[in-house]
Amino acid sequence: MNNAETESELQKTMMGHLKADRRRKLILNLVILALLILAPAVIYATFLMKILCFALFAVAFNLLLGYTGLLSFGHAAFLAAGGYTTGYLLSSYSGLTTEMGIIAGTAAATALGALFAIVAIRRQGIYFAMITLALAQLVYFVFVQAPFTGGEDGLHGVPRGHLFGFIDLENNVAMYYFVLAVFVGGYLLVQRIVNSPYGQVLKAIKQNEPRAVSLGYNVDRYKVIAFVISAGLAGLAGSLKTVVFQLASLNDAHWHMSGEVILMTLLGGTGTLLGPVVGATFVVNLEYQLSQGPLGDWVDPILGAIFVLTVMAFRSGIVGEIQNFMRKNMS
Amino acid sequence: MSDPFVLETQNLVKEFKGFVAVDDVNLKVQRGHIHALIGPNGAGKTTVFNLLTKFLIPTRGKILFKGMDITSMKSAAIAREGVVRSFQISAVFPHMTALENIRVALQSFEGNSFAFWKSGDSLNRLNDRCMELLDSVGLADFAHTTTVELAYGRKRALELATTLAMEPELMLLDEPTQGMGSEDVDQVVELVRKAAQGRTVLMVEHNLSVVSKLCDRISVLAQGSILTEGDYQEVSEDPRVREVYMGGAAATEQEAAE
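Residues numbered from 1 in each chain as written. Chains lettered and ligands numbered in written order. Predicted model: local features only at pLDDT ≥ 70, side-chain atom pairs only at ≥ 80, totals over all residues. Heavy atoms only, no water.

Draft legend 1. The pattern of salt bridges, seen in detail. All names here are of chain B. Under the defined criterion, the tally for this structure stands at 15 salt bridges over all chains. The partner of Arg 193 in a salt bridge is Glu 190, and the shortest N-O contact between them spans 3.6 Å. Taken together, the positions of Arg 193 and Glu 190, both in helix H6 (residues 182-195) and three residues apart, correspond to about one turn of that helix. Its relative accessible area of 37% is what places Arg 193 among the partly exposed residues. Classification of Glu 190 by relative accessible area gives partly exposed; the value is 45%. Three or more residues are tied together by salt bridges with common partners; here these are Arg 129, Glu 132, Glu 167 and Arg 199. (Salt bridge = Lys/Arg side-chain N within 4 Å of Asp/Glu carboxyl O. Helix = DSSP H or I, 4+ residues; strand = E, 2+ residues; numbered from the N terminus. Buried < 20%, exposed > 50% of the residue type's maximum accessible area, 1.4 Å probe, protein only.)

Right, here's the structure in full:
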C-alpha cells in the first residue's frame, strides 16, 4: 500500500516535470514569436522573410530527417516545384489572388512528393538518399527545359499581388506579417504532428523499425505520409519565397539547395523543433555577412568546414547541445 | 477452435544462394504449450523464426496459423492477427520512456495511428493499461525513465511487456535470456511463465536449464531440419541430440565406427 502510494507520488512529480517542461517550451516559443513580431522595426524585413522561408523549409525537412529518420537528398525539388508553380500562375493569371497561387504551389509540391515517395520509400539509408537525389536531378532538368520556367533565367517580376484580393503585398510590412503567419502555421503543424499519435509511431519507426513492424505497423505507409507532408511544406516555403522575392530561379532546384537544408537542420539540431529554425537563421545570416565582407568567395568552404565540425563534434546541433547542457545541469 | 495446433508449418524450405538454411520443416505448435526450438549454432532456428514472422519469405512450403494460411501475409498484418515476436537483440525504442514503449504497442489497435492532426494527449487514456503492464514485469517505478537508461535485464522485461500489450495468441520469443546473468535469467523464466498463461509460446533458447524449466515440448533443429521432438526427458535422452550438440567431430567418429 505504502509502496503504491510512493509510486503514485513519483508519477505525479514526473508528470509535474513534464508539464513544467512543456510550459517552459511554450514561454520560449512565445518570446521568440514576440521578437519576430517586433523584429521588422530594427531589421530589414526582406532579410527576415528570407530567414523565415528557409526556416520553414528546414522545419519541413526535419519532419523527415529528425522525426522519421529518412534522409532525403532531393528536397530542393519540392522547394522549386512550389516556387515555380506559384511564380508561373501569379505571372500568367492576374485574376489570381496571392494565396491561391501559394496553395497551388503547395499542392504541386505535395503531388510531386507523393510521386517521389512511392518510388523511393522501400529503400533504406543511403539508397533512399540516392534515389531522392536522382529524382530531384530529373526534376531539375525538367525545370531547365520546360517552357514555363524561363530556363536558365528563371521567372522574374512575379507580382506579389493582393492577399485575399484586398491586402496589397507590395507593402513590405504586410508581406512580412503574412510570411510570419504562414511560418508560424507551418511550425505549429509540425509541432502538432510530432506530438500526435501518428508522431509517436514515426518516432518508433525511427528508433527501431523492425520492432515497429512486429507491433503491427505497416511502416511504409507511415513513411509515405511523412514524406508527402514534408514535401508539401517545403513547397509552401518555396511558394512563399517566390512571392517575397518575386523570383523563381534554378538555384532553388539545384542539388546544392538540398545540401543546404541538410546543413541547416544538422547545424540547428535534428529532432528538435526549434533546431532547424536556428540553423536556417544561422546559415542565412552567415552567408549574408560573408558576402558583405572580403570573404565573399569563401562562403562554401566556410560552410563546409562548419558542416564537418558539426558532424564530428556537435552531433546534436546548436539546440540539441543546449538542451543536453541544460538537462545535465538541471538534474 | 477444435484444431489443437495454433501454428503449423508444412514442408517449409528456405534456400539462400546455393545453401539450404531450412529444409523441409514440419513444425506443429500445440495451443497452450510453451514450445522450444533448440539446436546448435547455425541450425536455422532464427531463420525459421524470421520465416514465421515474415521477415523472410519462404522458398517453398506453407505456414498455417489457426488453420489459416499466412504464408503470403506481411509482417505487420500477422502481428495484428496475433502472432507477435521478440528479437534476439533487445528490441525497444531507446529514446522513448518505458511507458511510451508500451503505449506504441497498444496504439497499434487504436485506429488513430495516422491521426497526425490529433493532440498527443489523446493517448493518455492508454496510460493506465500501460502501468498495469509495466507493473506485471516489475517496471512500474521506471515508467518515465528513458529506455536507453534501463539495465539490460529491464530492457528485456520491457520488451516482453510490450509484446504482451499486443495480446498475442502466439508469442515468438527469440532467445529471451541471451546475454543475461543467472539472476536475470531466473527472472525472465518467471516472466515468460506468467506471460504464457492463456497463450501459446514458441521460443528459441540456448540455455537448456531454461528449456527444462519452462517448456512443454521441444523440437531439435539440426542443419535446417527437425531432428527430433518430444518433452525434455525424451529429447535429452536421445543420442542423436547429444551428437549434434557434441559437434561434428564426435558424429563423424561415430559414423566411422558404425
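After presenting the structure, the write-up continues.
Draft legend 2. Broad picture of the sheet that holds strand S9 (residues 200-204) of chain B. Residue and element names in this part refer to chain B. Strand order in the open sheet formed by six strands is S7-S8-S9-S4-S10-S11, with mixed pairing between adjacent strands. The sheet is open, and its two edges are formed by strand S7 (83-85) and strand S11 (225-230), each paired on a single side. In this sheet, neighbouring strand axes are inclined to one another by 20° on average, regardless of whether the strands run parallel or antiparallel. Where helix H1 (residues 45-52) meets the sheet, its contacts fall on strand S4 (34-38), S7, strand S8 (170-174), S9 and strand S10 (217-222), and the angle it forms with S8 comes to roughly 145°. (Pairing = 2+ DSSP bridges. Axes fitted to C-alpha atoms, helices over the stretch in contact; angles between N-to-C directions. Contact = heavy atoms within 4.5 Å.)

Draft legend 3. The arrangement of the confidence of the model for chain A in detail. Mean pLDDT over chain A: 88, with 94% of residues reaching 70 or higher. Helix H1 (residues 2-38) of chain A is the least confidently modelled element of chain A, averaging 73 in pLDDT, while helix H9 (residues 219-245) of chain A averages 95, the highest of any element. (pLDDT = per-residue confidence, 0-100.)

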